[in-house]
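Coordinates in review
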Amino acid sequence: FRRVLFRSGLAEEPAGLLRDVQLQAGSAGPCTVLGDARTAAPMTAAQLNAYAAHVLDFDDTQHGIGTHMSAPVIPAALAVGELLGGSGADLAAAYVAGFEVGCSLARAGDFADHLLKRRLVASSMLGVFGATVAAGRMAGLDAQQLENALGIAAGHASGLTMAFGTMAKAQ
């Protein structure tokens, strides 16, 4: 079932273009690009898998907080796990940690609703934190390293809803 969803996401023109550009740019590596026979560098695989999961909006929804945490969290944890040889149990623990952090941020003071009212996408703005926690858990970061990683992630959080209806975000 998941391979079908990822394959259909990659079949969408925006995801296919992103995949083709990224994989032609010499980003070879050991990580799975779901729905494609090729592998890629960890950051590239995580980006492609997250995009393919979210492009058709077939990803999960956390009702009441308007986020889709699995799309950013699973690809980040999977890429780091493949790179470092993590186990399935490690992947599950990393997923839960990242998912909970992203959803907790969305629930805090109805933050996700606050973002959406200001034309900001909660999934991308908060998903970066969930993905960072998941990847950090897979990499075995200590508290200080994770704090630093979250600080870096904060500088990269974005998500303008003005991109809706473009190749950046269907809808």
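Parameters at a glance
- Residues numbered from 1 in each chain as written.
- Predicted model: local features only at pLDDT ≥ 70, side-chain atom pairs only at ≥ 80, totals over all residues.
- Heavy atoms only, no water.
- Helix = DSSP H or I, 4+ residues; strand = E, 2+ residues; numbered from the N terminus.
- Buried < 20%, exposed > 50% of the residue type's maximum accessible area, 1.4 Å probe, protein only.
- Contact = heavy atoms within 4.5 Å.
- Areas by Shrake-Rupley, 256 points an atom, 1.4 Å probe, with all protein chains shown as cover.
- Expected span 1.5 Å × (residues − 1).
- Core = buried A, V, L, I, M, F, W, Y, C linked by side-chain atoms within 4.5 Å.
- Phe/Tyr/Trp six-rings, centres within 6.5 Å; stacked < 30°, edge-to-face > 60°.
- Salt bridge = Lys/Arg side-chain N within 4 Å of Asp/Glu carboxyl O.
- Polar contact = N/O pair within 3.5 Å; in protein donor to acceptor, adjacent residues only side chain to side chain.

This brings us to the overall build of the chain. The number of helices and strands found in the chain is eight helices and two strands. The helix and strand sequence of the chain, counted from the amino end, reads α-α-β-β-α-α-α-α-α-α. The buried share of the chain, taken over its 171 residues, is 41%. Considering only contacts in the chain between residues 6 or more positions apart, those separated by 24 or more positions represent 62%. Just so you have it, the chain exposes about 8,900 Å², and 61% of that area is on carbon and sulfur atoms.

Between its first and last C-alpha atoms helix α4 (residues 70-84) spans 21 Å; for 15 residues at 1.5 Å apiece the expected length is 21 Å, and the two agree. Looking at α4, one finds that the buried residues are Ser 70, Ala 71, Pro 72, Val 73, Pro 75, Ala 76, Ala 77, Ala 79, Val 80 and Gly 81. Looking at the packing, one finds that the buried side of α4 touches β1 (31-32), α3 (42-54), α5 (88-107) and α7 (122-139). Backbone geometry just after α4 places Gly 85 at a positive phi near 75 degrees.

In this structure, Leu 10, Val 33, Ala 40 and Ala 45 are the most contacted members of the largest nonpolar core, which totals 13 residues. Residue assignment for this core shows that the elements contributing at least two residues are α2 (13-24) and α3. Broken down by element, the residue count for this core peaks at five residues, all from α3. In this structure, Cys 103, Ala 122, Met 125 and Leu 126 belong to the second largest nonpolar core, which totals 10 residues.

This part is about the packing of aromatic side chains. Tallied over the full model, the rule gives one aromatic pair. Considering the side-chain rings of Tyr 95 and Phe 99, the 5.5 Å spacing of their centres and the 45 degrees angle between planes classify their relative orientation as tilted. Here Tyr 95 and its partner Phe 99 are both found in helix α5, four residues apart, which amounts to about one turn of the helix.

On to the pattern of salt bridges. Applying the stated criterion across every chain yields a total of four salt bridges. Asp 36 serves as the salt-bridge partner of Arg 19, at 3.6 Å between the closest nitrogen and oxygen. In this pair, Arg 19 is assigned in helix α2 and Asp 36 in the loop between β1 and β2 (39-40), connecting sequence segments 17 residues apart. Of the charged contacts in the structure, one is a salt bridge between Lys 117 and Asp 113, with a shortest N-O distance of 3.1 Å.

Tracing the backbone through its elements, the reader meets Ser 70 in helix α4. Exposure remark for Ser 70: the relative accessible area of 14% places this residue in the buried category. A polar contact is formed between the side chain of Ser 70 and the side chain of Tyr 95, at a distance of 2.7 Å. With sequence-adjacent residues up to four places away left out, Ser 70 is seen in contact with Asp 60, Pro 75, Tyr 95 and Phe 99.

Given a rise of 1.5 Å per residue, 12 residues ought to cover 16 Å, and the 16 Å separating the end C-alpha atoms of α2 matches this to within 8%. All buried positions along α2 are accounted for by Pro 14, Ala 15, Gly 16, Arg 19, Gln 22 and Leu 23. Two residues or fewer past α2, Gly 26 is found with a positive phi of approximately 80 degrees.

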